[in-house]
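# Close look at the chain arrangement
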Amino acid sequence: MREIGFGLAFGIVMALGAFLIAAWPAQGRPVAAFFPAGSSARAMSAAIAEAGGSLIEINAGSAVTITLGEDDGYVTALYRAGAWLVIDASLARLCVGYAKGSGQ
């Protein structure tokens, strides 16, 4: 029974690790910044400007923005400005696109 528990826990940790590696933002590429639920478009835009990035797309309904920053510390600056999670935008678009398509 221990082996099954260990295998299950190890599998979950490996899947989480693979997701984090795939979602890691690359410098010079667009990132998706997730903000607290209920954040206004104005607040998210101000946070992106504070971090030194440019806004590509904003979804105030789900508090997600697609943004681009060229500086080395841009992702860290987004976290300091109030983002809860920052991941590679291409992965985020896949997840959001799938979620929109599955509800129809």
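Remember, it's a predicted structure, so these values are computed and weren't measured experimentally. (Residues numbered from 1 in each chain as written. Predicted model: local features only at pLDDT ≥ 70, side-chain atom pairs only at ≥ 80, totals over all residues. Heavy atoms only, no water.)

## Thoughts on the sheet that holds strand β1 (residues 31–34)
Pairing is antiparallel in the open sheet, where four strands are placed in the order β2-β3-β1-β4. With one partner strand each, in any of the chains shown, β2 (54–59) and β4 (85–88) form the two edges of the open sheet. Strand after strand, the sheet turns through a mean of 25° between neighbouring axes, direction not considered. Strands in contact with helix α2 (residues 41–51) are β2 and β3 (64–68); relative to β2, the strand with the most contacts, it is inclined by about 155°. (Pairing = 2+ DSSP bridges. Helix = DSSP H or I, 4+ residues; strand = E, 2+ residues; numbered from the N terminus. Axes fitted to C-alpha atoms, helices over the stretch in contact; angles between N-to-C directions. Contact = heavy atoms within 4.5 Å.)

## Regarding the environment of A77
Here A77 is to be found in helix α3 (residues 74–81). With 27 residues separating them along the chain, A77 and E50 place their C-alpha atoms 7.9 Å apart.

## Remarks on the nonpolar core
Core analysis: the biggest nonpolar cluster contains 14 residues, and A33, F35, Y74, L78, A83 and V86 have the highest contact counts within it. Elements supplying a minimum of two residues to this core: β1, α2 and α3. Every residue in contact with F35, bar those within four places of it in the chain, is listed here: M44, A47, A63, T65, G82, A83 and W84. Judged by nonpolar contacts, the second largest core, of eight residues, contains A32, V64, I87 and L91. (Core = buried A, V, L, I, M, F, W, Y, C linked by side-chain atoms within 4.5 Å. Buried < 20%, exposed > 50% of the residue type's maximum accessible area, 1.4 Å probe, protein only.)

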